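Architecture at a glance
These are the residues of each chain, in order.
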Amino acid sequence: MLFYLNINRYIGLRLAYVLSLIIGFLIGSIPSAYIIVKRELKIDITAVGSGNVGARNAYDISGSKKIGLVVLFLDLFKGILATFCGAYLIDNQFMSAVIAGIGSVLGHNYSPWLKFKGGRGLATAAGVMLLLCWYFVLTWLIIYFVLNSFLKNIHVSTVIATVLCFMLLFVIPDFILTSIIFPTIIRSEILFLGAIITILIISKHIVPLKEYFSKESNN
């Protein structure tokens, strides 16, 4: 690619990884839901509904599928863009793409522009995984919709689906473990990515999970 830069030749691999993380974080930190809802409804999304800065809350408080889908696409694109930058601007290394992807989810979940409030990371993480391990996204969607069909709780279904998909990364055959932008996947590095993303997603579901189980215990 014409814009490909072998940056670590000049600054060293560790600094290239740091740069990947920073680039990913800055891209991920753009609060898509906040900007769209503020522009369209003149409402601070962090102060209404669940307070979550993501597509679901944007849809819930607006009642508009268009707004929800626009936010979903933008959050997904943040993960794709960050991972793409990590892959091709930072020496075409799988690990630099992984780190940029992690940075994007971290930035989305804890945006410095919103006093470190943010979303729950699902759409942005999906964008990362679409490029690096599309199997994870496909499997997650199947498990999630099956679980939610009888659990009827998006938070519980989300956490279980995410944990199960991460566990499956240990055992699935290599020929299934494929990337859209890399010819091969390094399992240890995709496991690292899966572990960090799982932790980031769970960290943003602790409060709704506590509320769910508290209601269940009182029934």
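None of the values given here were measured: they were computed from a predicted structure.

1. Some thoughts on the overall build of the protein
For the protein, the count of helices and strands is eleven helices and zero strands. Helices and strands appear in the protein in the N-to-C order α-α-α-α-α-α-α-α-α-α-α. Its C-alpha radius of gyration of 18 Å places the protein within 12% of the 17 Å reference for a compact globule of 219 residues. Referenced to the eigenvectors of the C-alpha coordinate spread, the extents of the protein come out at roughly 60 × 40 × 25 Å. Here the protein holds 219 residues, and 49% of them are scored as buried. Long-range pairs, those at least 24 residues apart, make up 65% of the contacts in the protein with a sequence separation of at least 6. Entry remark: accessible area of the protein is about 11,300 Å², with carbon and sulfur atoms responsible for 70%. Of the side chains in the protein, 17 bear a positive and 9 a negative charge, and the two mean positions are spaced by 6 Å.

2. Things to note about empty space enclosed by the protein
In this approach, a probe sized like a water molecule rolls over the atoms, and the result shows the empty space that is left. Following the criterion strictly, the structure yields one cavity of 30 Å³ or more and no others. For the largest cavity, the full set of lining residues is Gly-28, Ser-29, Ile-30, Pro-31, Val-53, Lys-78, Gly-107, His-108, Ser-111, Leu-114, Gly-118 and Gly-119. Here the residues of the lining of the largest cavity sort into four nonpolar, seven polar and one charged.

3. Re the confidence of the model for the protein
For the protein, the mean per-residue pLDDT works out to 91, and 91% of the residues sit at or above 70. Within the protein, helix H1 (residues 8–11) has the poorest average pLDDT of any element, 57, and helix H7 (residues 122–132) the best, 97.

4. Side note on the packing of aromatic side chains
With the rule as written, the count across this model stands at six aromatic pairs. Ring centres of Phe-94 and Phe-182 lie 5.1 Å apart, and the angle between their planes is 70°; on these two criteria the pair is classed as edge-to-face. With Phe-94 in helix H6 (residues 94–109) and Phe-182 in the loop between helix H9 (154–168) and helix H10 (187–203), the pair connects residues that are 88 residues apart, well separated along the chain. Ring plane angle 75° and centroid distance 5.3 Å describe the contact between Phe-166 and Phe-170, whose orientation is recorded as edge-to-face. We classify Phe-166 as buried; its relative accessible area is 17%. Of the residues examined, Phe-170 reaches a relative accessible area of 49% and is grouped as partly exposed. An aromatic cluster is present here, built from Trp-140, Tyr-144 and Phe-145 joined pairwise through their rings.

5. Considering the layout of surface pockets
If you add up the space inside the largest pocket, you get close to 980 Å³. Ala-55, Arg-56, Leu-72, Leu-122 and Trp-140 are the residues nearest the centre of the largest pocket, which is lined by 38 residues in total. Of all the secondary-structure elements, those providing two or more residues to the lining of the largest pocket are helix H4 (55–62), helix H5 (65–88), H7, helix H8 (134–151), H9 and H10. A per-element tally of the lining of the largest pocket places H8 first, with seven residues. Taken together, the residues of the lining of the largest pocket sort by class into 19 nonpolar, 14 polar and five charged.

6. Structural notes on a nonpolar patch on the surface
A surface patch of nonpolar side chains, amounting to about 610 Å² of accessible area, comprises Trp-134, Leu-138, Ile-142, Val-146, Phe-150 and Ile-180. Locating Ile-142 in the fold gives a position in helix H8.

Quick notes on the rules
- Residues numbered from 1 in each chain as written.
- Predicted model: local features only at pLDDT ≥ 70, side-chain atom pairs only at ≥ 80, totals over all residues.
- Heavy atoms only, no water.
- Helix = DSSP H or I, 4+ residues; strand = E, 2+ residues; numbered from the N terminus.
- Rg over C-alpha atoms; globule rule 2.2 N^0.38 Å.
- Buried < 20%, exposed > 50% of the residue type's maximum accessible area, 1.4 Å probe, protein only.
- Contact = heavy atoms within 4.5 Å.
- Areas by Shrake-Rupley, 256 points an atom, 1.4 Å probe, with all protein chains shown as cover.
- Lys, Arg positive; Asp, Glu negative; His and termini not counted.
- Charge placed at Lys NZ, Arg CZ, Asp CG, Glu CD.
- 1 Å grid on protein atoms, 1.4 Å probe; cavity = no way out; pocket = protein on both sides within 12 Å on 5 of 7 lines; lining within 4 Å.
- Points joined across faces, edges and corners; volume = space filled by probe spheres on them.
- Nonpolar A, V, L, I, M, F, W, Y, C, P; charged D, E, K, R; others polar.
- pLDDT = per-residue confidence, 0-100.
- Phe/Tyr/Trp six-rings, centres within 6.5 Å; stacked < 30°, edge-to-face > 60°.
- Patch = residues over 30% accessible without salt bridge, like charges linked within 9 Å, V, L, I, M, F, W, Y side chains within 5 Å.
- Salt bridge = Lys/Arg side-chain N within 4 Å of Asp/Glu carboxyl O.

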